[in-house]
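A closer look at the structure
Below, each chain spelled out in residue letters.
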Amino acid sequence: MVKQFNVLGMTCASCAVSLETYLKGMDGLNSVQVNYPNQSIFVDYDEEVANIEELSNKAKEIGYEIVVGQNKEGESLVSTVKASRESLLKRRLIVAAVFTLPVFVISMFVMDRSNSLNQLLFWLSIPVVFYSGSEFFVNAWKRLRHGMTNMDTLVALSTGVAFFFSSINTFTDFFSNTITQHGGIYFESAVVIITFILLGRFLEEKAKKKTTDAINSLLNLAPKTASVVINGEIVDSPVESLLKGDLVIVKPGEKIPADGRIKKGETYIDESMITGEPVPVHKSKGDTVLAGTVNQNGVFRFLVESAGKETFIADIVRQVEAAQNSKPKIQLLVDKIASIFVPIIIVLSLVTAVMWLWLGPDPVFYYALINAISVLIIACPCALGLATPTALMVGIGKATKLGILVKDANALEALRTVDTIIMDKTGTITVGAPEVVEEFWSSSFDILEIKNALVSAERLSEHPLSKAVVSYYNESLNGTCKITGFKNLLGLGIECYANDELFHVGNHKLMTKHNCTIPDEIESVYANWVKEPRTVILIAKNRTVAGLLAIEDQIKEDAHNVIDNLKSKGINVIMLSGDAESTVSHVSLKVGISNYHAALSPTDKYNFVKQLQHEGKNIAMVGDGINDSVALTQANVGIAMGSGTDIAMSSSGITIMNSRLVNVSNAIHISKLTSRTIKQNLFWAFFYNVAAIPIAAGVLYPINGFMLSPMIAGAAMSLSSLSVLLNSLRLKVKK
Amino acid sequence: MIATFKTNINCGNCIRTVSPVLNALDNVESWQVDIENPDKILTVELDDQDVDTVIKSVESAGFEILLID
């Protein structure tokens with residue numbers, strides 16, 4: 001049995017990994033997947049062996065709560081907890097900053113402190129350590145009971161030890177015999193670490209909130225009410241009350257409230273949000289309509305087949321959510337390092353204690369304790385919390401200037417490892433809006449007169465392609481013919497009189513149906529043009545065809561270059577499309593993609609991505625439609641085009657606002673620069689502190705009697721933070 | 001044509017039940033039940049003369065129906 005629940009209490013990506021690892025071994029549990037951005041868990045369990053209460057209890061053991069029962073109350077509980085997490089962090093950060101500043105200033109600038117000044121530092125540090133820093137201690141303790149460590153452990157250990165050691169030295173003279181310099185007061189070290197790391201977490205939480213809000217808004221594509229015919233009267237009723245078999249009326253410009261089949265009327269429907277196809281589709285009796293698509297010009301009635309949570313779009317949303325769970329997790333560099341670093345530090349500290357007990361001067365016990373503590377105090381770099389967020393913020397700022405919107409900071413970190421890029425066709429490689437690309441006119445007509453009539457007539461047409469014609473000629477022609485007897489022939493074209501001459505504009509079928517002669521010359525051009533994936537419009541004057549236009553969704557100018565560029569970087573480029581084979585192969589040939597797949601459903605695209613991931617590939621998916629959204633979510637990094645649908649943007653960590661394809665390779669470049677900066681930052685964050693570890697351990701003592709002093713701790717703190725900040729800023733000017 | 005029937009479609013709930021079957025009929029343009037009337041008159045606007053399909057569908061939904069004119 002597969003079920004999904006919300007989880008409370010996860011504060012970082014490694015919490016998700018830890019919860020997953022912790023639950024994995026449970027009896028009767030076939031599989032478990034934790035989704036961090038969505039704060040939920042997906043479990044597949046054997047009902048006879050395991051039950052959810054047991055699972056929930058087990059999660060509680062390490063400090064997480066599984067919200068059993070997906071009722072509305074549960075949902076609202078989760079959202080309030082989420083909102084309060086951000087405001088709680090904010091409050092804690094403000095408290096930490098307010099109290100840390102005086103502690104830091106006094107410690108740095110007043111070298112010879114009286115005992116009462118040290119007591120003041122103690123009182124100022126209490127709110128920072130016990131209020132602002134409480135989550136580090138709570139999390140570290142919960143994890144410690146199960147033998148697990150992470151960044152929280154490191155922070156709790158260092159700050160806790162620093163605070164208590166300093167307190168003892170402030171109020172007692174327990175260590176006073178052995179401490180020679182500055183009385184061993186490290187309050188500033190403890191509070192600065194807490195403040196900086198809270199700042200990093202707050203920045204991260206802010207970035208995360210945006211993604212979750214976007215996912216919550218996905219279902220709002222369908223309208224809230226529908227015009228339903230109930231007992232012969234039109235009633236505005238909420239979409240939730242729609243049932244299978246209800247008759248719904250849709251007027252021009254309205255969104256379709258449910259999935260169903262047209263009973264009466266015909267119209268053009270803009271389905272681009274689902275198919276990505278820019279041209280509205282002609283629909284008449286018996287054709288399927290989908291919730292969330294937009295009715296263009298006609299009035300029609302349709303019979304509801306599925307509504308609410310059963311619609312195609314709701315199904316896509318469910319698939320997107322499921323894909324979030326199966327999406328490969330990004331292992332963050334900082335967590336990777338912290339998990340190795342913590343055990344090493346503890347071992348080092350123990351080794352120090354043993355060495356002093358063995359070789360140290362009297363009183364052996366005091367020296368051993370002080371130096372072991374010093375190692376723990378110096379180990380936690382306060383710049384650790386800043387290393388990733390500052391680099392990401394500069395990287396994100398750099399990306400934004402180019403029109404690349406980074407919503408999920410982790411996606412930027414992950415993009416550098418991508419080896420395969422999957423691109424959607426319509427709207428990604430092509431412009432996504434049809435344009436006139438070619439025209440041909442017979443020499444036996446007054447072309448200017450015909451073009452003028454054409455523009456005048458197309459202005460009145462509601463057909464989606466007419467816009468392409470009008471905008472093509474708009475600059476050269478004003479289209480001032482007097483149009484009379486205008487007739488819209490659905491599925492064919494238009495018929496009208498321009499300055500009292502009869503004109504037909506439309507497809508080949510219109511010409512044959514309305515007995516227009518097509519000269520051989522025109523017929524051969526037509527035959528040539530339709531070989532390519534384009535729409536051809538014929539124009540007839542007094543029932544003789546005078547010329548024709550080809551309309552096509554053009555390939556973006558930079559497409560070929562960008563794809564070549566990506567290939568030269570060793571990235572495999574693949575095109576996936578829901579369109580017909582002939583159109584897709586034509587485009588793939590033009591842009592130089594040899595690997596393409598046509599006529600795919602949203603699920604096919606998703607499976608394709610999953611299959612490649614299974615083969616060990618790191619995938620970035622670029623797309624713009626609802627049909628891409630499941631694949632966008634599943635991909636290691638999803639990149640949406642800003643011209644596309646909201647749902648695609650919500651499913652992606654990165655959105656290219658100006659839809660320029662070159663920004664795909666720019667984003668990869670920025671990701672590489674940013675990741676390099678993060679690595680350098682982590683190096684600088686640890687460098688001064690690691691360098692000070694031998695001093696803390698007392699290596700210099702036999703030489704000159706020197707032991708760790710708050711001055712060294714303070715210097716390491718300032719130098720590492722400064723190095724990290726400067727290094728992040730350096731990213732700004734890098735090309 | 002407009003056809004009227006005597007039925008036992010008594011209340012709003014009955015209308016809810018009969019809606020899908022009547023809506024689904026191709027030849028039905030519109031329909032309405034007057035539940036205030038003791039005879040529960042169903043008026044149907046048809047595209048053709050085919051009243052039998054209306055009778056059959058309403059019966060299939062579990063109601064009694066009798067053509068008046």
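Summarised in this report is the structure supplied together with it. These numbers come from a predicted model, not from an experiment. Counting of residues starts from 1 at the beginning of each chain's written sequence and follows it residue by residue. Each chain is given a letter, starting from A, and each ligand a number, starting from 1, according to the order in which they appear as written. Totals for whole chains, interfaces and linings use every residue, but because this is a predicted model, local features are given only for residues with pLDDT of at least 70 and side-chain atom pairs only at 80 or more, for both listing and counting. By convention in this description, side-chain values take in all heavy atoms of the structure and omit both hydrogens and water.

All names here are of chain A. Structurally, Asp 152 is set in helix α6 (residues 151–171). A 3.5 Å cut-off defines polar contacts: any pair of N or O atoms within that distance qualifies, except that in protein one atom must be a possible hydrogen donor and the other a possible acceptor, and neighbouring residues in sequence count only when both atoms are side-chain atoms. In terms of polar contacts, Asp 152 uses its side chain to reach the side chain of Asn 139, at 3.2 Å. Setting aside residues no more than four positions away along its own chain, Asp 152 makes contact with Phe 136, Asn 139, Ala 140, Arg 143 and Arg 201. Secondary structure is summarised from DSSP: a helix means a run of H or I of at least four residues, a strand means a run of E of at least two, and numbering begins at the N terminus for each. Only heavy atoms matter for contacts: two residues are in contact if any of them lie within 4.5 Å across the pair.

Okay, empty space enclosed by the protein next. A pocket here means an open set of points on a 1 Å grid, computed over the protein atoms alone, that has protein on both sides within 12 Å along at least five of seven lines. A cavity is instead a set of points where a 1.4 Å probe fits but cannot get out; residues with an atom within 4 Å of a point line either one. Grid points are joined across faces, edges and corners, and a volume is the space filled by probe spheres set on the points. Evaluated as defined, the whole model comprises four cavities of 30 Å³ or more. A volume near 70 Å³ is recorded for the second largest cavity. Along the walls of the second largest cavity sit Val 229, Asn 231, Gly 232, Leu 247, Lys 263 and Arg 301 of chain A together with Asn 23, Val 28, Glu 29, Ser 30 and Trp 31 of chain B, which together make up its complete lining. Ranked by the residues each element gives to the lining of the second largest cavity, the list is headed by strand β2 (residues 28–34) of chain B, at four residues. For the lining of the second largest cavity, the class distribution of residues is four nonpolar, four polar and three charged. In this classification, Asp, Glu, Lys and Arg are treated as charged, Ala, Val, Leu, Ile, Met, Phe, Trp, Tyr, Cys and Pro as nonpolar, and every other residue, Gly included, as polar.

Quick look at the sheet that holds strand β10 (residues 281–283) of chain A now. Residues and elements named next belong to chain A. One open sheet holds the three strands; their spatial order is β10-β9-β12, and the pairing between them is antiparallel. Taken across any chain shown, the strands that pair with only one partner, and hence form the sheet edges, are β10 and β12 (294–295). Direction of pairing for strand β9 (residues 267–270) relative to β12: antiparallel, over a ladder of two bridges. Bridging from a neighbouring strand, Asp 270 pairs with Val 294 of β12. The criterion for strand pairing is that DSSP finds at least two bridges linking the strands in question.

Right, let's get into the sheet that holds β2 of chain B. Residue and element names in this part refer to chain B. One open sheet holds the four strands; their spatial order is β2-β3-β1-β4, and the pairing between them is antiparallel. Strands with a single pairing partner mark the edges of an open sheet, and in this sheet they are β2 and β4 (65–67). Taking the axes of each pair of neighbouring strands and ignoring which way they run, one obtains an average angle of 25° across the sheet. Note: β2 against strand β3 (residues 41–46), six bridges, orientation antiparallel. Fitting a line to C-alpha atoms yields each axis, with helices limited to the stretch in contact; the angle taken between N-to-C directions then spans 0 to 180 degrees.

This brings us to helix α22 (residues 626–634) of chain A. Of all nine residues in α22 of chain A, nine are buried; the element is thus mostly enclosed. The cut-offs for exposure are 20% and 50% of the maximum accessible area for each residue type, with area from a 1.4 Å probe on protein chains only; residues under the lower value are buried, those over the upper are exposed, and the others partly exposed. Of all the residues in α22 of chain A, the buried ones are Ile 626, Asn 627, Asp 628, Ser 629, Val 630, Ala 631, Leu 632, Thr 633 and Gln 634 of chain A.

Residue and element names in this part refer to chain A. Relative to strand β6 (residues 233–238), strand β5 (residues 225–230) runs antiparallel, the two sharing six bridges. The partner of Thr 225 across the bridge, within β6, is Pro 238. Count of turn residues in the β5/β6 antiparallel hairpin: two residues, of which Asn 231 carries a positive phi of about 50°.

Residues and elements named next belong to chain A. Every case where a carboxyl oxygen of Asp or Glu lies within 4 Å of a side-chain nitrogen of Lys or Arg is listed as a salt bridge. Enumeration over the complete set of coordinates arrives at 18 salt bridges over all chains. One salt bridge connects Glu 135 with Arg 92, and the closest N-O pair in it is separated by 3.0 Å. Of this pair, Glu 135 sits in helix α5 (residues 134–144) while Arg 92 sits in helix α3 (residues 72–109), and the two are 43 residues apart along the sequence. Given a relative accessible area of 7%, Glu 135 falls into the buried group. Overall, the relative accessible area of 12% leaves Arg 92 in the buried class. Here Glu 552 and Arg 534 are joined by a salt bridge, their closest N and O atoms 3.2 Å apart. Of this pair, Glu 552 sits in strand β21 (residues 544–555) while Arg 534 sits in the loop between α18 (520–529) and β20 (535–541), placing them 18 residues apart in sequence.

To continue, consider the interface of chain A and chain B. Taken together, the contact pairs 15 residues of chain A with 15 residues of chain B. Counting the surface lost from both chain A and chain B, the interface buries some 1200 Å², and carbon and sulfur atoms represent 36% of this. Three residues, Asn 231, Lys 263 and Lys 264 of chain A, lead the burial of chain A against chain B; their summed loss comes to 43% of the area buried on that side. The salt bridge partner of Lys 264 of chain A is Glu 29 of chain B, with a shortest N-O separation of 2.9 Å. On the surface where chain A and chain B come into contact, there are 12 residue pairs in polar contact (both at pLDDT 80 or more). Every element with two or more residues in the side of chain A that touches chain B is listed here: β8 (259–264) and β13 (300–306) of chain A. Across the side of chain A that touches chain B, the residue classes tally to four nonpolar, four polar and seven charged. Reported buried area values correspond to the accessible surface (1.4 Å probe) lost by two parts on association, with both partners' losses combined.

By themselves, these are just geometric observations and shouldn't be taken as functional.
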